[in-house]
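Residue strings, one per chain:
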Amino acid sequence: MPEGKTILVVEDNEQNLELVEFLLEEAGMTVWAARDATEARARLADGQPDLVLMDMQLPGTDGLTLVEEIRRTPTTARLPILALTAHAMRGDRERFIAGGCDGYIAKPINVASFVTEVEAALKRPAGSIPREVSG
Ligand code: MN
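Residues numbered from 1 in each chain as written. Predicted model: local features only at pLDDT ≥ 70, side-chain atom pairs only at ≥ 80, totals over all residues. Heavy atoms only, no water.

Sorry, what's going on with the coordination of the manganese ion here?
Ideal coordination angles are 109.5 degrees for a metal with four donors arranged tetrahedrally and 90 or 180 degrees for a metal with six donors arranged octahedrally. The coordination sphere of the manganese ion, as far as protein atoms go, consists of Asp-12 (OD), Asp-55 (OD) and Gln-57 (O), spread over 2.1 Å. Judged by its relative accessible area of 34%, Asp-12 falls in the partly exposed class. Overall, the relative accessible area of 1% leaves Asp-55 in the buried class. (Donors = N, O, S within 2.8 Å, 3.2 Å for Na, K, Ca; no water. Buried < 20%, exposed > 50% of the residue type's maximum accessible area, 1.4 Å probe, protein only.)

Set out below in structure tokens:
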């Protein structure tokens, strides 16, 4: 059940952030919004969301660097992370998954399927995706 789940959304584009926030809250989820890596780190220092939606193109520290940081931190290493990215090029998905993301949601957001995609990621058992944690 997605109700009561907390999603950390890291997104610097205000319109995208508002849309994602609207869709998730309408489905009964709580949204923690972060507009850059600094805000995301502060949120993660305060508590654990159930899932992270990570824009890959952020000002300053980019999404992939932040994902690698989350994976290296023992308290957040197994957090489900979905990449949120405008990149639609073949190979990007593989690159983001190799970098520690569990999946990928393409922008522009498909309003009809977005919440279903998030719910599917929430249903996966924790740690079901094997990953190498280095560093
Ligand atoms: Mn961005």
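Quick question: what am I supposed to make of the sheet that holds strand β4 (residues 81–85) here?
By definition, the strands of a sheet pair up through backbone hydrogen bonds, in either a parallel or an antiparallel sense. Read across the sheet, five strands follow the order β2-β1-β3-β4-β5 without closing on themselves; strand pairing throughout is parallel. Lying at the two open borders of the sheet, with one neighbouring strand each, are β2 (30–34) and β5 (103–106). Across the sheet, the axes of successive neighbouring strands diverge by a mean angle of 20°, strand direction being ignored. The pairing of strand β1 (residues 6–10) with strand β3 (residues 51–55) spans four bridges and is parallel. In the sheet register, Val-9 faces β3, and the bridge partner there is Leu-53. Lying on the sheet, helix α3 (residues 63–72) is in contact with β1, β3 and β4; it crosses β3 at an angle near 150°. (Pairing = 2+ DSSP bridges. Helix = DSSP H or I, 4+ residues; strand = E, 2+ residues; numbered from the N terminus. Axes fitted to C-alpha atoms, helices over the stretch in contact; angles between N-to-C directions. Contact = heavy atoms within 4.5 Å.)

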